[in-house]
Structure formats: structure tokens, C-alpha cells
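Examining the three-dimensional arrangement
Below are the chains, spelled out letter by letter.
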Protein chains: 6
Amino acid sequence: MTTRTDGRADDELRPISITRGFTDHPAGSVLVEFGRTRVMCTASVEEGVPRWRRGSGLGWLTAEYAMLPSSTHTRSGRESVRGKVGGRTHEISRLVGRALRACIDLSALGENTIAIDCDVLQADGGTRTASITGAYVALADAITYLDAAGRLADPQPLSCGIAAVSVGVVDGRVRLDLPYEEDSRAEVDMNVVATDVGTLVEVQGTGEGATFARSTLDAMLDSATAGCEQLFAIQREALAAPYPGTLPQPAAPAKKKAFGN
Amino acid sequence: MTTRTDGRADDELRPISITRGFTDHPAGSVLVEFGRTRVMCTASVEEGVPRWRRGSGLGWLTAEYAMLPSSTHTRSGRESVRGKVGGRTHEISRLVGRALRACIDLSALGENTIAIDCDVLQADGGTRTASITGAYVALADAITYLDAAGRLADPQPLSCGIAAVSVGVVDGRVRLDLPYEEDSRAEVDMNVVATDVGTLVEVQGTGEGATFARSTLDAMLDSATAGCEQLFAIQREALAAPYPGTLPQPAAPAKKKAFGN
Amino acid sequence: MTTRTDGRADDELRPISITRGFTDHPAGSVLVEFGRTRVMCTASVEEGVPRWRRGSGLGWLTAEYAMLPSSTHTRSGRESVRGKVGGRTHEISRLVGRALRACIDLSALGENTIAIDCDVLQADGGTRTASITGAYVALADAITYLDAAGRLADPQPLSCGIAAVSVGVVDGRVRLDLPYEEDSRAEVDMNVVATDVGTLVEVQGTGEGATFARSTLDAMLDSATAGCEQLFAIQREALAAPYPGTLPQPAAPAKKKAFGN
Amino acid sequence: MTTRTDGRADDELRPISITRGFTDHPAGSVLVEFGRTRVMCTASVEEGVPRWRRGSGLGWLTAEYAMLPSSTHTRSGRESVRGKVGGRTHEISRLVGRALRACIDLSALGENTIAIDCDVLQADGGTRTASITGAYVALADAITYLDAAGRLADPQPLSCGIAAVSVGVVDGRVRLDLPYEEDSRAEVDMNVVATDVGTLVEVQGTGEGATFARSTLDAMLDSATAGCEQLFAIQREALAAPYPGTLPQPAAPAKKKAFGN
Amino acid sequence: MTTRTDGRADDELRPISITRGFTDHPAGSVLVEFGRTRVMCTASVEEGVPRWRRGSGLGWLTAEYAMLPSSTHTRSGRESVRGKVGGRTHEISRLVGRALRACIDLSALGENTIAIDCDVLQADGGTRTASITGAYVALADAITYLDAAGRLADPQPLSCGIAAVSVGVVDGRVRLDLPYEEDSRAEVDMNVVATDVGTLVEVQGTGEGATFARSTLDAMLDSATAGCEQLFAIQREALAAPYPGTLPQPAAPAKKKAFGN
Amino acid sequence: MTTRTDGRADDELRPISITRGFTDHPAGSVLVEFGRTRVMCTASVEEGVPRWRRGSGLGWLTAEYAMLPSSTHTRSGRESVRGKVGGRTHEISRLVGRALRACIDLSALGENTIAIDCDVLQADGGTRTASITGAYVALADAITYLDAAGRLADPQPLSCGIAAVSVGVVDGRVRLDLPYEEDSRAEVDMNVVATDVGTLVEVQGTGEGATFARSTLDAMLDSATAGCEQLFAIQREALAAPYPGTLPQPAAPAKKKAFGN
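Residues numbered from 1 in each chain as written. Chains lettered and ligands numbered in written order. Predicted model: local features only at pLDDT ≥ 70, side-chain atom pairs only at ≥ 80, totals over all residues. Heavy atoms only, no water.

- By the naming in an unreviewed UniProt entry, chain A is Ribonuclease PH, taken from Tomitella fengzijianii.
- UniProt, in its Sequence similarities (unreviewed entry) section for chain A, records the words "Belongs to the RNase PH family." (UniProt positions renumbered as here; feature names shortened; annotations may be inferred.)

As C-alpha cells, this is what we get:
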């Protein structure tokens, strides 16, 4: 097949949507959509840092990625019920954290942690790249919130923008931003995380039961880099508007009781 | 304080919203909102039944409830990362399942399972009662879907509607549908699950460091029953419209690969 | 069937027995029997409180419920071997703890914890209500012990007595204190925790594949309340006698070695 | 100190008590007491054998040992809550199973399993040896029950009696059947499992921060062997009486519901 | 610093050693050394395939990577004791499996599994790339063993050779095959898996708190590709010799007993 | 069969080999071989002691034993993947720790811990006794290292040598140092841990589906004791040479990154 099922050009992104202030409690809360892939990305501020970092004076940024059981074509088991986090989940969580740490000066936070949560509400391919792209916006809002609260040593700790996109070889052609239907039969699959200052943060290319030539790698990088440029524009536009949501309030004095209900 | 922080009358529900077809993959998918409490409730159809029920010819309905880490005022730890499901989560999952099994003739399903997932996107009190109320609508859509697919032995396996609401004693007054701010300081807390044919499914009343008179129990039941009547009307209205979402498609032939991404 | 298998009247308790000082190490140790249901209930005093309560100056009371594998008709798997506590176990543990916290002024303990253990030696229905009824007596003995040791800020921290009983609809009739044979086929099942000053602590009524009218709820509450009155009398009689067991001794200086053997 | 705290001679057992029919559901149920050490030992019959033994035509015998949290001087954590079985528990469970498998012809059971449970109600040293001694009696009762039900290929599958006792070096003297007070400061600690036909099943001797001469090992074996002879007599006397308990009944037809309550 | 601590040129591999027949039981067993990094790589043949692949007629290849606790500079905790496999371990296990599946025609195995184990005896950087390079040789030996046993549908199921090497930017220079001392301070870190027919299998490049230019990526790929060419020559030389170890024997008829001891 | 498969006399050890300095990072690192059984035994020094020992001024010694998955005739599952340590592993880990604590004055270490790791690379019977014998040598090297670093309060904290050997009854004959082929069909199986000053540390004898006479126990002890004497000579010879390995260096200043790779 030489045309894509959804009619896009090979180098065309799916419709991208970024909704800020999607929920009220976190310092940053974004719903990001890459076509039918929908991820809720939040940035919460937590006091303190992990044990190995205490006393350093530096902050930390950590990330957790997860798919809701009903987000996939066929319902998948809940990891909390199975009692362990699967390898793929771990791997993506680590990727999201590394990607966002590349753009932030953690010393500005003092010994505080920004916890990024990327929860996939609906999966249709590219959930990890959508997560990174949306989480950057949630992070930017959290930084604004912290700065307004006078909690930053440096008001501009973000040195660049971060976005990510998938690219792959499907039907023998290099295609950008694969939906599940293409991803599930791609010969090569690559995820690229880039900065808006022209550099790369992470490149992960994998032959799926196939191998690939160096020239194919180059073509995939070209396509992904161009896709990221479009994503940076969308992020900037989204962030240009005033914060649409409710700013998080200090928690009410806790009474020993399960939260929320 | 004799008036409620949000200005409601003691016997008044928060604004209730039910959005069907919220996501595409499950047979039923609902976003339910009780004020700022927002829960995504889905009903997925799975082949087969748990081991203990095999060979019975009967179907099963199971439910899992969970809160997203960022759904609470202060971010809470992810149960999959801790490696176990907490007691409160277990308890609510069991409650949701029991509540919905009260309205369905499981023999109509054959040996298939309906898996209900209630994932709390934003918590502001009453998440378990919102979950039951929303999950009933997702269940109704899943039943319609199964019937259209010719997979039901009895086209009307739902014998009644199910809704639930919380009620409590706050500031010495019986109040309906408590938000977190009231729930966290309630002296008595009750959850009532009722049917639209005038009966009760579940009544759980708890003194929170206090005890309560039988007459208080009666007043709470009166209030909750009236609240459920309003919820039944809202459910009926929501279900009267044609299905707004994309009907789930059969999964593409699986290739061994992590789903969705 | 209009008469009960064991010949009791519908509103009649099974033979109830409370044996204090059943074992020697805990501050309170009770064997409670509701017919053939037998539960060992102990109250142990532990220094310190959970992390979230430290620095409050207040004590805590926690409870754990479990069934021995051989306590049931058919041997059930050991939760320690499965590596997790089941939902039902969690739910009952939480119920027992809440019920007993309703009667105690935790500030009298200082930052110490009373750990209640309810281990079911033989199960024949009503294990959770027997647990609460027996645990209250173990708690009362532990309080006496603490007071004698001069470790209470207030010598009378118990504000009331606590007892619990099950009630249900079986064969269309409201019946009190269900054994397994009735419980397993009950249409409605309710557990009521009450105080000896005429108030309620917890009411949990559940339709088991059925629903129930408000009038049925009222009849069940009447029966359960009357049953609790009888249990209070039995508790008072049991506590009127001098402590029959060995008072716990301070532990011998520990050597690093597995205890007990 | 040259005399024992409890006044016994060095080669004297504590008072031993064996109560058959202690609970009703298992095929064999024994309360065994070695002084203040009290263990509930049950033998339950389960259909089938572990996977690795299927198709062999042979039965199996397995054992699980556990201490109730309140059984020790200082309350110990519950292994089900910690989510794993500790090394000591595992080790003793394996010992009890091996010890009892030494006396039984497993081919007589067909592909069925006898599950031994040893739950320590009160620990005062020697819990593993009391467990083996009591479990043998529960096993003998289960065998009688199976034979009466016509479920044995060979009506006498037990080839000998099994008992066990601890012995150690305390205060420089070889002493039999150590209570916790002696066990916790013993220099050498040994557990001996023997048969009533004059042979040994298991010998486990351990220097506790000390080492021991071969002659000490010999003296400990002499003492333990003599102790076991007395235990065999007590077992025989206990088993000579008719079964005092209720014989287990076939389980009522199960309804899907948590057992017992 | 413009020279490397160990005196190597920037594009020079550490001394590489491949020892076949390192242990006797697996079908392939290799000790691979990249300088002081030492990994034991084995390929075991197991009957059957994972559940999701049953009935396909196809085989499977899976891999597990782990570090011995004492393999690192500072002893690290044992994952079996912690009760879960860490994210890094999961990620590398998945990488090794994907890499080797790129070279094998799994249909030749029938429904059997090759289990690759990579256990790091000593870690000094590059353990994942050494693992892949060594595991390929163990896999080749296992294939020879299976072919000699007449268990392959196709005697040549390996379509190419596989090797991997790390490369990074240290002190501003692109350097090949980083030891821990360089890896721990690298600005960019990349792992490349390649085939001996000139294609790529996997490319994973990560900025470590830094980002990198596309030209740097190109330079790293050049260096890694050249490094892999040398590794292919070493693999071929190692495989040219006759098998030096003991060929695995069929297991003795099992008696139920812990293996090996 | 009256001669052994490998041609040894009944009281003859397999060829024993002890390689010191087997890996570089731990303070002591030994490869011990009893015939084809090969175990890597390391002794690592860790700051601090377990919580229950803090403030005592005393050190601690702990041990962990594990088998690599590919070490057995048939590959065995990885305990980290299963998420729990099996009973046999726990039991042997505890045995190794107890055995080595018998020879060391822990007060000399200050509040530091020596962590012994015994990882079985190849299993052919006697892995636990080989582990103890090899770990003693690793411990001796770690002590020398600590003394050289001026970190011991007493330069000679080891009071004796420790070795261990298995013995059993096979084909009706008492035989020393059983390989898997004999161990798997032994009627009686015993492990003896002894000191080089003529005393015993641990004696564990088990009838494997059989029982044994006291005279057999004596014969097994005679054989094991003689075997240990030979092992002490081999240990002494191994330790007489200068340390052949690289002494561990202080770890480089850590950067937050996974170790080793």
C-alpha cells in the first residue's frame, strides 16, 4: 500500500492537540492528543528528593508512565493488580524522565521533586512520544507556578523546549508519527526526542524482526526532526495563552482518612 | 457553619454530568462528573470467565477502581509501583462489582466477562458513588453493543437501573453528596446504592470517630434515596441519545509486540 | 424452610462464649465463640505510632484480621504464601480497626499503638462480628493492664462498649447471627456495629444478587440492635471477673535469634 | 545456674498435652502443648497433587508452619502483610513436611494431597518440634478418616510413629526440651526427629556463636532419643481414645461468596 | 584530558576475549570479556513456547540479564531479595532478546524456546553490549547442538552475526567502548547493535544531562560500526574452533528434590 | 553398584580448587570448585549494620546464596523474575551466614557489615558445602584487606578455620562429597560444618524418604570430619600465597546513573 490508511502524507503528523489545565490539583496538567492517542500528563511538586540525592541542595525530576487498562484495543491487565510494573512501562517511565531532565536546571528547585505522571487514556500508537511532548508543557506550567510562588532560585530553569515523535518504516516507506495500525506492522521503529535549539536528546531505533541500513536511519532522523519542529510550534502556541485552569491550592489540613472519598 | 462552602442546599447534588463514548476502544466508555470529581468508567467485554465459574454457562461481571496518582490534592503513590493494591482500593473495587451485579442477569452473557474499570481522573469526594453511577451507564452501552452483535441470550439482561450517592453528617447537619472539603471533616459518612425500582443494593454507614443515632441513619437514608432519584433521571436522559462515540472494532490480528506503542 | 437448621428462633443468637486470658503474651487475649465460629482476639501494646501520626502526641489503634487456612470447610490458601492479603481480609481488618477506634480516646495512650489481632481458628459465619465483639474485651483488658502500669494519661479512655452482630434475610425471613449454612444462601446480609449507649458505629447491608426494601432494612436493624444488647451483657459479665490469665512480662533482653524457637 | 528456672531435671520434658478434634473442619485437628508452647496442627485432605507429580499415581504431603503475630513475647509482624514468608518460616515448613513424609506410603493416597498446617498460638521455645509431634497425631487421624471413607489403597500407610524434641547446651549442661528462656541463651541447639522404631529422620545441630565437640553431640542425641521415647508413649495414649471431635462433613454446595463470613 | 586513562586510542576497543564451553549444562555457554567487564552468557533450550505463541508452530527466543551483587564497585542489592526486577535490568533483558531475535528464523525451532541468560560477573562499563556480543556466540553453539540432535527444521536458521558496542562523548571526544570510569562521566552515551551484513539492529543514543548534535550522532555511529566489525572478526575466530566444552547430557530422571544440592 | 560412577573411593573428595582474587571489586573474591560444582564466593565490606544491631558497637556478617539459572542440568527460573526467594535458597543463605559467624569476633569490625555472596555458576551437588568452604577464604582475604586499611579493632578476629562437606548413604554405603548423580538418589544426606580446631559448627542429617540408624550417623560424621581435615589443608595452602588479585579501590565519586553500564 503506498498511501496511508488515514490519508496522511508520509511526513505528516496526525492532528495534534494540547489542552492545558486539564485537571485542577497538579501544578501542571495537560491533555495531549496525537490523533486518537490521548495522554493525561501532569507535573506535581513534592517536597524533598530521593534518599541518594539528599543533602545535595539539588532538586529532582522523576516520571511515571502507565496505560489505563481500557486504553488499548483489547483491555490489558492492571499492573497494580498483577503486583508489578512491566518492563515496557518501566522503560518508558525512565525515558520520559531522562528526556525532561535534559532541559531543566535542577539546582533551581532546591531539594524538591517534580513528579511527572503520564497516564494514557486512549492508545493508538506513539504514546511515549505524545507523553514527552505533553509532559514538557505540564512541566513548563509547573515551573511558572513555582516561580509565582517564589520557590525557584532561578526563575528560568528551563534551557530549551523538548518534544518527541515516532517514525518508522512501513510498507517500505519512511513514515512519521505512526498510529497503532502502522506501528504494529512497522519493519523499523524509531523514537526521537529533540530540543528546540536543534540538538537531540534521545534516539532509539529498533529493527522489528528486520534490520535497517544507515541511510534509512538518516532518512528517519530527517523526518523526525522536521516533525519535532512542528511540535515545538504547537507547544509554543499552547503556552502563549494564559493558564486556563484552576491553580492548585494548598491542601486542607489532613485528617487521617483516605483521600478523595 | 450552617451553609455549605459551595452554596448548595443540604439536600442538593453537585452538578452532575455524564459523557458517553468518552473513549473508543471499550464497549462502553463514560466520563462521569459529580462537581469536580471526574471518573472515567468503562465496560470491556472479555471472552471467558474466572476459573471458579468455568463450565457454569454463566457470565461474570468484575470491577476495578483506581485513582490516578495526580487525581488527589497531594499526589499519591502509584499502586503498581508499590506492588500492591491498597485496602481502600480493593474495598471499592469489590463494592462497584457487587453493585452492578445486582442489576444484571449474568446467564445472558454466556461464559463471557464484562470488566468494569473506574479510573479517577480528579478526586473531590464521592469517587466511589460517582464510579457506580457512571459505570452503570457504561454497562448499559456495553449491553447494547453486545445485543447488536448478537451475543446475548436475552436482549434485556438489565433488570433495573443502579445509582449511588454519598451522604453524611457535617457541622451537625445531614448533607448530600459530600465534596472532599466536607467529607474530610464529616462526623458520619454513608454511601447508598439504590435501584430505580425503589429498593436498596448496599448501605454503608460509618461513624468517623463518632457514633450516630438510629434517627440520623433514617435521615441520611431519606436524603440519599431522594438524591438517587435525581441520578436515575440524569442517567436516563444520557442514555436516551444515540451512541455518540466510535463503536469498538475487532482488534487487528496481533503481532507479538507491546500494544499501543 | 420456616425453622432454622439449628433450631434457633429468628431473633436468637447462637451460644456465645468469651474466654479471657486465652494466651499469655499479649496485654489482652480473648477466645470468642459464636456457636462454632471461634476467633482468637488479642490486643498488644507497641511503642510508637505510624509515621503519619508521629509528633501528634496521640496514640493509635490498628487491627489485622486473618483466617487460618484450616479454619474453613475446605482448606483455603495461606495469604503469606500467596504474597498478598486478599480484598476481603483487608476490608475486615479496616472494619475492626474503625469499630474499636470509635470507643477509645487515643490521646490517653501517648504515642503508643494498640495492635488488635483477630485470628479465626474456626469459621462458621459471622467471623467479622465475632472478631469485633471479642476484640473489644481484649482491648478492655489491655487498657486495664496499661492503667496498672501507669502508662495512661486518662485512666478511663474507653467511652462505651462495642459489639457487632450479623443479620440477614434467609428463606424470606429476617434472621439474626447467621451461621455459614445460612450466610451462604442469604438474600441480604448485614453487619451492624453498635455501642452500649444506644448508638450505631457501622452499618453495612448488602443485597447478595438481590435488592431489599427500606422496610427490610429497618427490620434487620431492629433485630441486630436487640442482638447487640445481649452481647453487651455477655461482655460485661466476662469483664466482671478478675483477669484469669498470666499478665505479660517485659521481654527478656533479646539476643539476635528467631523468637520462640 | 545449675538448676533450671522451671525446676525440671536436665533430661526432663515439659508437661506435654495432646488434644485431638480441636477444630471441626479438617480431617485431623490437634492442639499440642509443650509447656506454654501451644500449636494447632491440622491435616486437611485436598484433591489432586502438585503439577510436578501429576500422572504419577502417587499422593503428596505438604506442610506449612506459621506463628500468629501475637504468639511471641513481643508481637511480630504478619507475613501476609509483609507480602513474603520469612526464611525461618520456610525452613520449618520444609522440615515438618520432610519429617512426616518419612512415615507415610504416599502411593496409598492416590493422587491426593494431605496438607499439614501448624499454626503457633503461643510460642515458648520448641515450636518446630512440638509441631512435628502434634502433626503426626493429626496425620494419623486423617488417615483413619480416609480409610473409613474408603479412600485409601492401603489401609495402613503409616509405617512408624514420628516425634521430635529440642535439646541444647545451656549453662554448660545438656538440657532437653528448651523453653524460650533457655533457648535464647543456648550455646548449642539441636532438633532431633525420630521414629518409634529406633531410627532417626532428621538431626539438626547448630552452634549459636559457639562450636561443639563430637562428645557433646553424642550426649545431646542420647537425651533427645530418650525424650522422643516419652513422646511416642504420649502420642499412643492420645490416639488410643475414640475420636473426640466432629468428623468433617462434605462442604455444602458452594455459592460464589467469601467463605465463613 | 585528551588521552584515555587506560591509554587506548579513542576508536580502540578494550581487549576482547570470548571463551566457549565455559560451563557444561547449557547448550551454549560463553564467558565474554570486554576489558574488566566479564559476562557469562548461556543459551538453554527449553521445550514449549510462551502461552501467547502456542499453536503457532514457531519457536521463541527470550533473554534475561542480571548483575551479580558483587559485580559492581560497591555491592548492589540482590533483586530476588528485593522481590522485583529493576527497570534497568528489565530494559537490558528486553534489548538482548530483541537483538538476537533479529538474526534467527524462529520457525526452524518448532515450538521450543531458547533462553539466553547474561549474568554479569564483573562490571566495568559496557555490560549490555558485551552481553549481546557474547550471547550471539552462545546462541550459535546452541544452534549447532540442536542441529546435531536433529531438532531443527532448517539447519541454518541464523541469517547473520550480531555484535554490539558502546560509544560516547567523554571529555568532548567521541570514544569507543567506554569503561565505567568514562561511562560514569560521559556527556552522551550510545549503544549500537549491528549485523555482520552491514545493517543496524538497534541504535540507542542518550544525552546524559546534555544534548548532542546530529553530527555527533554520525561520528558515534561511524566509530561504533567500525568497532562492531572488529567484534565480528573475534566472534568468527572463536567459533572457528571445535567446541571445547562438555556437551550437555539429557537430565537424569528427576526425583523430587532440590536440584544440584 | 559398589564403585562410584566417577571412580572415587567412598571416603575420597572430588578434586578441590580454590582460586583467590577471582574478581576485582569485592574485598575477597574466590572461585571454589568441588569437581564440577563451581561457586563464586565474595566478601564485600559495607558501612553500617542492620537496624536491630545499630548502636551496639558490633559488626555483622550476612550471607546470600543463589544459583544462576543456567547452573543446573535443566535451566531453573530466576528468583528475581518470580519475585521471591525460594525456601531452599533462604535456608542455605542462613546456613552460610551462621557457619561463618561462628569463626569471627564481630566486635572487631565496629558497626560495619561483611556481606558474603555465594553465586553458583555450575551445580553438581554439594553447592552449599562448597559455598561455605570457599566463602571462608573470601572472608579471610576481606579481613586481611580491612586490617591493612586499619579498619579493625582486633587484627585477628578469626578464631578458627571453617569448612564444610556433604556425606550420605548411597547404594547402602557411606560416601563423601556427593555429586548430583549420587545426591539425587541418596537415602540419607548430611552436611557437616566443622572448625579446624576439632569442633563442629553445624550438623544437618536428613533421611530422604528413609530413616537411618544412630550407627550410620556416626559413620557419616567420621567420614565428614576426615573430609574437612583435607579441606582445611587446601584452604591453608590457598591462603599462604600473596593475594593474586587487584585490591578493591574506593569507588569513584558517584554520579546518579546505573552502575557498571
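A few points about helix H2 (residues 87–101) of chain D
Residues and elements named next belong to chain D.
- Taking 1.5 Å per residue as the helical rise, H2 with its 15 residues ought to reach 21 Å, and the 21 Å between its terminal C-alpha atoms agrees with that figure.
- Most of H2 sits out of view: 12 of its 15 residues are buried.
- Taken together, the buried positions of H2 are occupied by Gly87, Arg88, Thr89, Glu91, Ile92, Ser93, Leu95, Val96, Gly97, Arg98, Ala99 and Leu100. (Helix = DSSP H or I, 4+ residues; strand = E, 2+ residues; numbered from the N terminus. Expected span 1.5 Å × (residues − 1). Buried < 20%, exposed > 50% of the residue type's maximum accessible area, 1.4 Å probe, protein only.)

Some points on the pairing of strand S6 (residues 162–170) of chain B
All names here are of chain B.
- Taken across its nine residues, S6 has nine buried, putting it largely inside the fold.
- Alternating residues of S6 divide into Ile162, Ala164, Ser166, Gly168 and Val170 and Ala163, Val165, Val167 and Val169, and every residue in both groups is buried.
- In the sheet, S6 pairs with strand S8 (residues 188–195) via eight bridges, with the strands oriented antiparallel. In the sheet register, serine 166 faces S8, and the bridge partner there is asparagine 191.
- For S6 and strand S7 (residues 173–176), the ladder comprises four bridges, and the chain directions are antiparallel. From the neighbouring strand, valine 167 faces S7, where its bridge partner is leucine 176.
- Count of turn residues in the S6/S7 antiparallel hairpin: two residues, of which aspartate 171 carries a positive phi of about 55°. (Pairing = 2+ DSSP bridges.)

Side note on the UniProt feature "domain: Exoribonuclease phosphorolytic" (unreviewed entry) in chain A
All names here are of chain A.
- Under the UniProt annotation, "domain: Exoribonuclease phosphorolytic" (unreviewed entry) lies at residues 12–142 and 162–226.
- In residues 12–142, helix accounts for 27% and strand for 32%; the two terminal C-alpha atoms are 30 Å from one another.
- End C-alpha atoms of residues 162–226 are separated by 14 Å, and the span's content is 26% helix alongside 45% strand.

What about the interface of chain B and chain A?
- Listed per partner, the contact involves 59 residues of chain B and 59 residues of chain A.
- Viewed at the interface, chain A and chain B are joined by 14 salt bridges.
- Put simply, chain B and chain A have 22 residue pairs in polar contact (both at pLDDT 80 or more) between them.
- Secondary structure elements with two or more residues in the side of chain B that touches chain A: strand S3 (37–47), strand S4 (60–67), helix H1 (79–82), helix H2 (87–101), strand S5 (112–122), helix H3 (127–148) and helix H4 (180–183) of chain B.
- Looking at the side of chain B that touches chain A, the element that brings in the most residues is S5 of chain B, giving six residues.
- Grouping the constituent residues of the side of chain B that touches chain A by class yields 19 nonpolar, 20 polar and 20 charged. (Contact = heavy atoms within 4.5 Å. Salt bridge = Lys/Arg side-chain N within 4 Å of Asp/Glu carboxyl O. Polar contact = N/O pair within 3.5 Å; in protein donor to acceptor, adjacent residues only side chain to side chain. Nonpolar A, V, L, I, M, F, W, Y, C, P; charged D, E, K, R; others polar.)

Focus on the packing of aromatic side chains
- Per the counting criterion, the structure on display carries six aromatic pairs over all chains.
- With a centroid separation of 4.8 Å and an interplanar angle of 85°, the aromatic rings of tryptophan 52 of chain A and tryptophan 60 of chain A are classed as edge-to-face.
- The ring of phenylalanine 22 of chain D is capped by arginine 38 of chain C, whose NZ or CZ atom sits 5.4 Å from the centre of that ring. (Phe/Tyr/Trp six-rings, centres within 6.5 Å; stacked < 30°, edge-to-face > 60°. Lys NZ or Arg CZ within 6 Å of the ring centre and 35° of its normal.)

Some details on the side chain of glutamate 79 of chain B
- Residue position: glutamate 79 of chain B is located in helix H1.
- Residues contacting glutamate 79 of chain B, with those up to four places away along its chain left out, are Ser80 of chain A together with Lys84, Val85, Gly86 and Thr89 of chain B.

A few points about the UniProt feature "binding site: phosphate" (unreviewed entry) in chain A
All names here are of chain A.
- Cross-referencing UniProt, the feature "binding site: phosphate" (unreviewed entry) maps to Arg88, Gly126, Thr127 and Arg128 in the present numbering. Look at the named residues: they lie 41 residues apart in sequence, but the longest C-alpha span between them is just 13.4 Å, so in the fold they bunch up.
- Turning to its location among the elements, arginine 88 is positioned in helix H2 (residues 87–101).

Things to note about the sheet that holds strand S7 (residues 173–176) of chain D
- If you walk across this open sheet you meet the eight strands as S7(D)-S6(D)-S8(D)-S9(D)-S9(F)-S8(F)-S6(F)-S7(F), and the pairing is antiparallel. The two strands at the open ends of the sheet, each matched to only one other strand, are S7 of chain D together with strand S7 (173–176) of chain F. Across the sheet, the mean angle separating the axes of adjacent strands is 15° when strand polarity is ignored.
- Those strands touched by H2 of chain D are strand S6 (162–170), strand S8 (188–195) and strand S9 (200–207) of chain D together with strand S9 (200–207) of chain F, and its axis lies near 150° from that of S9 of chain D.
- In the packing of helix H3 (residues 127–148) of chain F onto the sheet, contacts are made with strand S6 (162–170), strand S8 (188–195) and S9 of chain F, and the angle to S6 of chain F comes to roughly 165°. (Axes fitted to C-alpha atoms, helices over the stretch in contact; angles between N-to-C directions.)

Some details on the pairing of strand S2 (residues 28–34) of chain A
Residue and element names in this part refer to chain A.
- Of all seven residues in S2, six are buried, a share of seventy percent or more.
- One ladder, built from seven bridges, connects S2 with strand S3 (residues 37–47); its direction is antiparallel. Note that in S3 the partner of leucine 31 across the bridge is methionine 40.
- The hairpin formed by S2 and S3 contains two residues between the paired strands, and glycine 35 there has a positive phi angle of roughly 60°.

Some remarks on the relation of the copies chain B and chain A
- The operation relating chain B to chain A is a screw motion whose rotation component is 180°, with 0.0 Å of axial translation and a residual RMSD of 0.0 Å. Here the two chains are linked by the operation of a two-fold rotation axis. Proximity to the rotation axis, assessed at the C-alpha, singles out serine 80 of chain B in chain B; its C-alpha lies 1.8 Å from the axis.
- Counting the interface residues of chain B, we find that 100% of their copies in chain A are interface residues as well, pointing to one common contact surface. (Least-squares fit on C-alpha atoms with pLDDT ≥ 70 in both.)

Thoughts on the arrangement of the chains
- Nothing in chain A touches chain D; the tightest C-alpha to C-alpha distance between them is still 11 Å.
- A minimum C-alpha distance of 11 Å separates chain C and chain E, which share no contact.

A word on the sheet that holds strand S5 (residues 112–122) of chain E
Residues and elements named next belong to chain E.
- The mixed open sheet is built from five strands, whose spatial order is S1-S2-S3-S5-S4. Sheet topology places strand S1 (16–20) and strand S4 (60–67) at the edges, where each strand pairs with a single neighbour. Strand after strand, the sheet turns through a mean of 15° between neighbouring axes, direction not considered.
- Relative to S5, strand S3 (residues 37–47) runs antiparallel, the two being bridged by 10 bridges. Residue pairing across strands places threonine 42 opposite aspartate 117, the latter belonging to S5.
- Strands in contact with helix H3 (residues 127–148) are S1, strand S2 (28–34), S3, S4 and S5; relative to S3, the strand with the most contacts, it is inclined by about 35°.
- Along the sheet, helix H5 (residues 214–240) makes contact with S1 and S2, crossing S1 at roughly 30°.

Some words on the pattern of salt bridges
- Considering all chains together, one arrives at 157 salt bridges over all chains under this definition.
- The salt bridge involving arginine 14 of chain B is made with aspartate 124 of chain B; its shortest N-O contact spans 3.9 Å. With arginine 14 of chain B in the segment before strand S1 (16–20) and aspartate 124 of chain B in the loop between S5 and H3, the pair connects residues that are 110 residues apart, well separated along the chain. Of the two residues, arginine 14 of chain B and aspartate 124 of chain B, neither departs from the other in class, the shared state being buried.
- Via salt bridges that share partners, Arg4, Asp10, Asp171, Arg173, Arg175, Glu181, Glu182 and Arg185 of chain A belong to a single interconnected network.

Thoughts on the packing of helix H5 (residues 214–240) of chain A against H5 of chain E
- Axis separation between H5 of chain A and H5 of chain E bottoms out at 13 Å; the angle between their running directions is 160°. Judged on the interaxial angle alone, H5 of chain E and H5 of chain A are roughly antiparallel. As for the relative orientation of H5 of chain A and H5 of chain E, their crossing is right-handed in sense. Between H5 of chain A and H5 of chain E, the contacting residues are Arg214, Leu217, Asp218, Leu221, Asp222 and Thr225 of chain A on the first element and Arg214, Leu217, Asp218, Leu221, Asp222 and Thr225 of chain E on the second.
- Among the residues making up the contact of H5 of chain A with H5 of chain E, the classes are represented as four nonpolar, two polar and six charged. (Parallel < 35°, antiparallel > 145°, perpendicular 65-115°, else oblique. Left-handed = near helix turned anticlockwise from the far one by under 90°.)

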